[in-house]
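Summary of structural features
Listed below, chain by chain, are the residues.
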Amino acid sequence: MTNKKKYIIANWKMNFNVHEASVYAHKLMAAVKGHRDVEVVIAPTMLALQSISLQLDHRTFKLASQNLYWRDEGAFTGEVSARHLRGVVSYAIIGHSERRYTFHEQPKDTGLKVQAAVRNRITPILCIGETAVEREAGETKMVLHDQLIAGLHNLTTEDMENVVIAYEPVWAISNGRDFGAHKTPTPHDIQEATEAIRSQLQDLFGKKTAQQVPVLYGGSVSHANAQSYLSVRGVDGLLVGGASLKLEQFTTIIEAAHSSARKERKA
Ligand code: PGA
């Protein structure tokens with residue numbers, strides 16, 4: 001698992017309007033050097049994607065949508081399709097717990113969205129993770145299993161070359177407080193979950209794919225804990241919510257990924 005690229009993904013959720021997003025993106029471009037060992041991705045409001053895509057230096061960071069709709073076009077009021085996003089974003093966050101629990105997105109929908117992304121040459125970042133109640137009931141592995149089966153439905157081993165998985169325990173996401181007790185997982189918790197994810201990927205797509213697919217961690221990542229999460233065996237990067245809204249904190253997290261990639265290169 002060494003010498004793999006690290007991913008640092010900023011999920012801005014419904015924060016920053018178009019102007020604020022553009023100002024931040026410019027500051028980030030000035031603060032961060034593009035590096036092939038670390039892929040920095042930002043997911044601003046859907047409205048800002050087009051303008052930032054025209055302004056940004058794609059070597060410094062890439063863009064992601066926070067969602068998409070799986071049908072390419074038609075009478076789907078208020079939706080934005082993967083076909084519309086094609087050429088604008090490189091990635092799409094799919095199945096985020098806020099989509100699943102606030103907007104009642106069903107497992108079947110996440111699978112269709114992942115397929116739509118792949119079909120439109122957008123790399124899906126499939127978010128999976130258990131709630132506090134599921135964890136307490138000892139169902140973590142089963143939930144991860146079911147969400148992976150549904151989310152990766154109909155994909156081939158070749159498709160999996162452009163898929164990223166993010167393990168995001170709902171109880172660890174900053175606003176997860178709304179869904180019950182909020183805690184921070186230990187490195188051991190994360191390692192256990194990422195191992196379960198890779199073992200499931202191995203059953204579905206074979207050993208090589210299981211080792212190659214980037215598996216990220218997300219949930220209350222901060223500039224203070226990023227390094228420790230990045231050192232968890234099997235974790236290839238971080239999905240950052242709240243801390244990505246503060247440029248200084250976010251650049252510290254990117255720095256942590258650089259140093260972690262450097263260490264692995266030397267090992
Ligand atoms: P958080 O959000 O870092 O604010 O906990 C992570 C996420 O929701 O992806």
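Residues numbered from 1 in each chain as written. Predicted model: local features only at pLDDT ≥ 70, side-chain atom pairs only at ≥ 80, totals over all residues. Heavy atoms only, no water.

Let's shift gears to the overall build of the protein chain. Looking only at helices and strands, the protein chain has eleven helices and eight strands in total. At 17 Å, the protein chain has a C-alpha radius of gyration in line with the 18 Å of a compact globule built from 267 residues. Summarising its shape, the C-alpha atoms of the protein chain cover approximately 50 × 45 × 40 Å along the three principal directions. A buried classification covers 54% of the 267 residues belonging to the protein chain. Here the protein chain has roughly 12600 Å² of accessible surface; of this, 51% comes from carbon and sulfur atoms. Where the 31 positive side-chain charges of the protein chain centre and where its 28 negative ones centre are 6 Å apart. (Helix = DSSP H or I, 4+ residues; strand = E, 2+ residues; numbered from the N terminus. Rg over C-alpha atoms; globule rule 2.2 N^0.38 Å. Buried < 20%, exposed > 50% of the residue type's maximum accessible area, 1.4 Å probe, protein only. Areas by Shrake-Rupley, 256 points an atom, 1.4 Å probe, with all protein chains shown as cover. Lys, Arg positive; Asp, Glu negative; His and termini not counted. Charge placed at Lys NZ, Arg CZ, Asp CG, Glu CD.)

Near the ligand lie 13 residues; those nearest to it are Lys13, His96, Ser174, Ser220 and Gly242. The separation between an oxygen atom of the ligand and a polar side-chain atom of Ser174 is 2.4 Å. Here an oxygen atom of the ligand and a backbone polar atom of Gly241 are 2.9 Å apart. Burial of the ligand by the surrounding chains reaches 98%, relative to a free accessible area of 280 Å². For the shell around the ligand, the class distribution of residues is four nonpolar, seven polar and two charged. (Near = heavy atom within 4 Å. Polar contact = N/O pair within 3.5 Å; in protein donor to acceptor, adjacent residues only side chain to side chain. Nonpolar A, V, L, I, M, F, W, Y, C, P; charged D, E, K, R; others polar.)

Within the fold, Lys108 resides in helix 5 (residues 107–119). Relative accessible area serves as the criterion here: at 59%, Lys108 is assigned to the exposed category. Residues Lys108 and Leu152 lie 44 residues apart in sequence; the distance between their C-alpha atoms is 9.8 Å.

On to the packing of aromatic side chains, then. Inspection of every chain in the model, using the stated rule, returns seven aromatic pairs. Between the aromatic rings of Trp12 and Phe16, the centroid separation amounts to 4.9 Å while the plane-to-plane angle is 85 degrees, which identifies the pairing as edge-to-face. Pairing Trp12 with Tyr24 gives two aromatic rings, centres 4.6 Å apart and planes at 65 degrees, and the pair type is edge-to-face. On the criterion of sequence distance, the pair formed by Trp12 in the loop between strand 1 (6–11) and helix 1 (18–31) and Tyr24 in helix 1 is long-range, its members being twelve residues apart. (Phe/Tyr/Trp six-rings, centres within 6.5 Å; stacked < 30°, edge-to-face > 60°.)

Here helix 7 (residues 140–151) spans 16 Å end to end across twelve residues, near enough to the 16 Å set by a 1.5 Å rise per residue. Taken together, the buried positions of helix 7 are occupied by Thr140, Val143, Leu144, Gln147, Leu148, Ala150 and Gly151. Along the long axis of helix 7, the arc covered by the buried residues comes to 165 degrees, so they all point the same way. Against helix 4 (97–102), helix 5, strand 5 (123–128), helix 6 (132–136), strand 6 (164–167) and helix 8 (187–205) lie the buried residues of helix 7. (Expected span 1.5 Å × (residues − 1). Arc of directions from axis to C-beta. Contact = heavy atoms within 4.5 Å.)

Moving on, we get to the environment of Ile52. Looking at the element boundaries, Ile52 is found in helix 2 (residues 46–55). What Ile52 contacts, discounting residues up to four positions off in sequence, is Ala21, Ser22, Ala25, Pro44, Phe61 and Leu63.

Another aspect to go through is the nonpolar core. Grouped together as the largest cluster of nonpolar side chains are 65 residues, with contacts concentrated most on Leu152, Ile165, Leu238 and Phe250. Once residues lying within four places of it in the same chain are set aside, the contact partners of Phe250 are Ile8, Ala10, Tyr24, Leu28, Val40, Ile42, Val240, Ala243 and Ser244. Judged by nonpolar contacts, the second largest core, of 13 residues, contains Ile9, Ala64, Ile93 and Cys127. (Core = buried A, V, L, I, M, F, W, Y, C linked by side-chain atoms within 4.5 Å.)

A separate point is the environment of Ile253. On the secondary structure map, Ile253 appears in helix 11 (residues 247–266). Judged by its relative accessible area of 0%, Ile253 falls in the buried class. C-alpha separation for the pair Ile253 and Val163, spaced 90 residues apart in sequence, amounts to 22 Å. Excluding anything up to four places from it in sequence, Ile253 contacts Ile8, Val221, Ser222, His223, Ala226, Leu238, Val240 and Ala243.

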